Amino acid sequence: GGKPAVRVGDELERAGREELFARRAGRTKTVLVTLQNTPGTGLNALLLELMRSSAPKNWLWLVRGHPMAPESQPTEDGITETERTLASLTGVSWEYRLATRMSLDALLPLCDHHVTNFSGAVYDAMRHGVPTTFVNPGVSSFHGSLIHRCLAHYAASSGSALASIAAGRDGLDWEQVGREV
């Protein structure tokens, strides 16, 4: 989840936190999206629709690419396919490069919610008190027990994911979460 080998230097990470903190100003929510390296678990249709539907709500999306995913690799012009896709989202405020380079320990304190297909970053989010919503039906193979024990949300559509993010910790057994991490 935390990709410690991809960490940037402490000074760069501090500067990244400051930049993201400034970008959060005036936002109603900051949502971290962690992407995976499995086909269909990058910026899929559900995540894109979710981000589009949040635009009027003035949310900031921190999109964290997976270092091994082909769409996270820069092309000749230095832009990744993920960044190209994000740039097509009119009215959506997002950040990709810092979110991908910084450690989860630096990012999560800036976040109100974590959204993922099935990333193990859910455990980092729990440790930082950030609720997680899974958006991939295959999550039951990886983290189904977290959903069944009310330690994370599952959303099958962008509408239910939007509601889950808005609800935050509501419906989660946060005392149990504290014991799990």
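A quick note: this is a predicted structure, and the numbers were derived from the prediction, not measured. (Residues numbered from 1 in each chain as written. Predicted model: local features only at pLDDT ≥ 70, side-chain atom pairs only at ≥ 80, totals over all residues. Heavy atoms only, no water.)

A. Expanded view of the packing of helix H2 (residues 45–54) against helix H8 (residues 158–167). Following both chains from N to C, one finds H2 and H8 inclined at 55°, their axes separated by 9 Å at the closest point. It follows from the interaxial angle that H2 and H8 lie oblique. Taken as a pair, H2 and H8 cross one another with a handedness that is right-handed. Only Ser158, Ala161, Leu162 and Ile165 of H8 make contact with H2, whose side of the interface consists of Leu46, Glu49, Leu50, Ser53 and Ser54. Here the residues of the contact of H2 with H8 sort into five nonpolar, three polar and one charged. (Axes fitted to C-alpha atoms, helices over the stretch in contact; angles between N-to-C directions. Helix = DSSP H or I, 4+ residues; strand = E, 2+ residues; numbered from the N terminus. Parallel < 35°, antiparallel > 145°, perpendicular 65-115°, else oblique. Left-handed = near helix turned anticlockwise from the far one by under 90°. Contact = heavy atoms within 4.5 Å. Nonpolar A, V, L, I, M, F, W, Y, C, P; charged D, E, K, R; others polar.)

B. Up close: the environment of Asp124. Within the secondary structure, Asp124 is located in helix H6 (residues 121–127). Taking the C-alpha atoms as reference, Asp124 lies 24 Å from Pro70; in sequence the two are 54 residues apart. A polar atom in the side chain of Asp124 sits 3.1 Å from the side chain of Arg127. (Polar contact = N/O pair within 3.5 Å; in protein donor to acceptor, adjacent residues only side chain to side chain.)

C. Representation of the sheet that holds strand S6 (residues 153–154) within the structure. Within the open sheet, the six strands sit side by side as S3-S2-S1-S4-S5-S6. Their pairing is parallel. The open sheet has two free edges, formed respectively by strand S3 (93–95) and S6, since each of these has just one partner strand. Where strand S5 (residues 132–134) lies against S6, two bridges are found, and the strand directions are parallel. Across the sheet, the residue bridging to Thr133 is His153, located in S6. Relative to strand S2 (residues 59–64), H2 is tilted by about 155°, and along the sheet it contacts strand S1 (29–34), S2, S3 and strand S4 (113–116). (Pairing = 2+ DSSP bridges.)

D. Main features of the pairing of S1. Most of S1 is tucked away: six of the six residues are buried. Taking every second residue as pointing to the same face, both faces of S1 are buried, with Lys29, Val31 and Val33 on one and Thr30, Leu32 and Thr34 on the other. Note: S1 against S2, six bridges, orientation parallel. Of the residues in S2, the one forming a bridge with Lys29 is Trp59. Relative to S4, S1 runs parallel, the two being bridged by four bridges. Paired with Thr34 across the strands is Thr116, a residue of S4. (Buried < 20%, exposed > 50% of the residue type's maximum accessible area, 1.4 Å probe, protein only.)

E. Quick peek at the pattern of salt bridges. All told, the structure shown has nine salt bridges when counted by the stated rule. Arg14 is paired through a salt bridge with Glu11; the nearest N and O atoms lie 2.1 Å apart. Residue Arg14 and its partner Glu11 are both found in helix H1 (residues 10–24); the two are separated by three residues, about one turn of the helix. Residue Arg14 is classed as partly exposed on the basis of its relative accessible area of 33%. With a shortest N-O distance of 4.0 Å, Arg17 and Glu13 are connected by a salt bridge. Residue Arg17 and its partner Glu13 are located together in helix H1, separated by four residues, close to a single helical turn. The network of salt bridges with common partners includes Glu11, Arg14 and Glu18. (Salt bridge = Lys/Arg side-chain N within 4 Å of Asp/Glu carboxyl O.)

F. Region of interest: the layout of surface pockets. Space inside the largest pocket adds up to approximately 170 Å³. Pro67, Ser72, Gln73, Pro74, Gly78, Thr80, Glu83, Tyr96, Arg97, Thr100 and Arg101 are the residues that line the largest pocket. The element that contributes the greatest number of residues to the lining of the largest pocket is helix H4 (residues 97–101), accounting for three residues. Its residues assigned to classes, the lining of the largest pocket shows three nonpolar, five polar and three charged. (1 Å grid on protein atoms, 1.4 Å probe; cavity = no way out; pocket = protein on both sides within 12 Å on 5 of 7 lines; lining within 4 Å. Points joined across faces, edges and corners; volume = space filled by probe spheres on them.)

G. Here's a closer look at unusual backbone geometry. At Cys150, a residue that is not glycine, the phi angle is positive and equals roughly 60°. Among the structural elements, Cys150 can be located in the loop between helix H7 (139–148) and S6.

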